[in-house]
Amino acid sequence: MLLHTVNKSAFNHSALGDCLRVAAPNDAVLLIENGVYGALNSSQDETDYSQRIKQLSANGARFYVLRADCEARGLDDSALLPAFQVTDDAGFVALAAEASATQSWY
Amino acid sequence: MDKTLKLDSDGHLQYLADWSEQAAQQLAASENIELSEAHWEIIYLLKEFYQRFELAPPMRPLVKYIAQNLGKEKGRSIYLMQLFPPSPARVASKIAGLPRPENCL
Amino acid sequence: MDKQLTGKSANKGILLVFRHAPYGNALAREGLEAALACGVMGAKTDVLYINEGVWQLLEPQDSGAIDCKNQASMASALALYDVDDIWVDENSLKQRNLSSADINAGKIINTARVQELLATSKSILSF
């Protein structure tokens, strides 16, 4: 299992899209810092990335956001795409330890 | 002999443009090395390496490059050790007017 | 953790992922320096050019007027530093209307091979 971290907003940066293009079904994707905006359930037409998240999630990939970064930005759990679980620093460490390696997309 | 070469804190030339064969002899003297044909061959190859790759090579790449250009007999660390003791990549770079090799262990 | 390493193609070394274009910031250059350092220390080192990183492979580059070291010249030294496995993401080339004729190094691989490379690396450094 590979851990992907993404720290840029999906709305002005390609990091999340680039990540989702190579993320595999047994990987974990963790959104941190401005990356957490990528977990929002956009009210507009479904963007490419939210489709891809849905698809990867259905195939077994896990998606996380860091609680502190969501709270800091006023993002409520209910606003997140259903694929996302909220985790904390301890969860981040556990994911990194579980992973064979970590790829950070920035 | 020009005594006013500008050197950095490692004793390497500050400006590659200041390099000349006289400067090389002066730099070699500071390492107690008297330059022979065998030395010049390596020095000019090292300058070529720097021009081509913009890097001052540490030992392994230098040995590989010498082997490719001057043959396997010369592309050996023992050969370079005899010419440029005690640390061939550093000493030869210095005489060739290059900065100290990065990643030089 | 080793269970998904896939036999003969398992890399189990250091993978350097180059995802940014050269010159605009120091990332490309720092990545290259890291790759050269890994190689010269004898570590099994692979390099993957992906996303904006594929711009690093265009030739000819003449960076004299912007006062930067020539990225392509430095990259061409990778083999001398024992970094022989250089990979290029096919999709990233296509997105930028580039082909093998435009780039100066590397073996072009598809997404499945990129995934395999990531999954089999012991550690990944991203630049």
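Residues numbered from 1 in each chain as written. Chains lettered and ligands numbered in written order. Predicted model: local features only at pLDDT ≥ 70, side-chain atom pairs only at ≥ 80, totals over all residues. Heavy atoms only, no water.

Chemist: Talk me through the nonpolar core; I want residue IDs and the actual numbers.
Modeler: Core analysis: the largest hydrophobic core is formed by 59 residues, its most contacted members being F84(B), I95(B), L16(C) and Y49(C). Residue contributions to this core peak at eight residues, all from helix α2 (residues 37–53) of chain B. F84(B) has contacts with I33(B), H39(B), I42(B), I43(B), V91(B), A92(B) and I95(B), leaving out every residue within four places of it along the chain. In this structure, A15(A), C19(A), A101(A) and I50(C) belong to the second largest nonpolar core, which totals 37 residues. (Core = buried A, V, L, I, M, F, W, Y, C linked by side-chain atoms within 4.5 Å. Buried < 20%, exposed > 50% of the residue type's maximum accessible area, 1.4 Å probe, protein only. Helix = DSSP H or I, 4+ residues; strand = E, 2+ residues; numbered from the N terminus. Contact = heavy atoms within 4.5 Å.)

Chemist: So what's going on with the sheet that holds strand β5 (residues 101–105) of chain A? Residues and values would help.
Modeler: Residues and elements named next belong to chain A. Spatial ordering of the open sheet is given by β4-β3-β2-β1-β5, a layout of five strands whose pairing is parallel. What marks the edges here is a single partner per strand, and that holds for β4 (84–87) and β5. Looking at each pair of strands side by side, their axes are set apart by 25 degrees on average, direction ignored. Relative to strand β2 (residues 28–31), strand β1 (residues 2–6) is paired through four bridges, and the arrangement is parallel. Across the sheet, residue H4 finds its bridge partner in β2, namely V29. Across the sheet, helix α4 (residues 89–98) lies against β1, β2, β3 (62–66), β4 and β5, angled at about 140 degrees from β3, the strand it touches most. (Pairing = 2+ DSSP bridges. Axes fitted to C-alpha atoms, helices over the stretch in contact; angles between N-to-C directions.)

Chemist: An account of the interface of chain B and chain C is requested, with residue identities and associated values reported.
Modeler: Between chain B and chain C, the contact holds 16 residues from the first and 17 residues from the second. Counting the surface lost from both chain B and chain C, the interface buries some 1,400 Å², and carbon and sulfur atoms represent 56% of this. Where chain B touches chain C, the interface holds two salt bridges. Notably, a salt bridge pairs K64(B) with D82(C), separated by 2.4 Å at the nearest N-O pair. If you look at where chain B meets chain C, you find five residue pairs in polar contact (both at pLDDT 80 or more). Those elements that place two or more of their residues in the side of chain B that touches chain C are α2 and α3 (59–70) of chain B. Of all the elements, α3(B) adds the most residues to the side of chain B that touches chain C, at five residues. Of the residues in the side of chain B that touches chain C, the class split is nine nonpolar, two polar and five charged. (Buried area = accessible area lost by both parts, 1.4 Å probe. Salt bridge = Lys/Arg side-chain N within 4 Å of Asp/Glu carboxyl O. Polar contact = N/O pair within 3.5 Å; in protein donor to acceptor, adjacent residues only side chain to side chain. Nonpolar A, V, L, I, M, F, W, Y, C, P; charged D, E, K, R; others polar.)

Chemist: Now, about the pattern of salt bridges: what can you tell me, with residues and values included?
Modeler: Taken as a whole and judged by the stated rule, the model has 17 salt bridges over all chains. In this structure, the salt-bridge partner of R76(B) is E73(B), at a minimum N-O distance of 3.9 Å. Residue classification places E73(B) among the exposed positions, given a relative accessible area of 58%. Here the salt bridges share partners, and the residues they tie into one network are K44(C), D46(C), D85(C) and K107(C).

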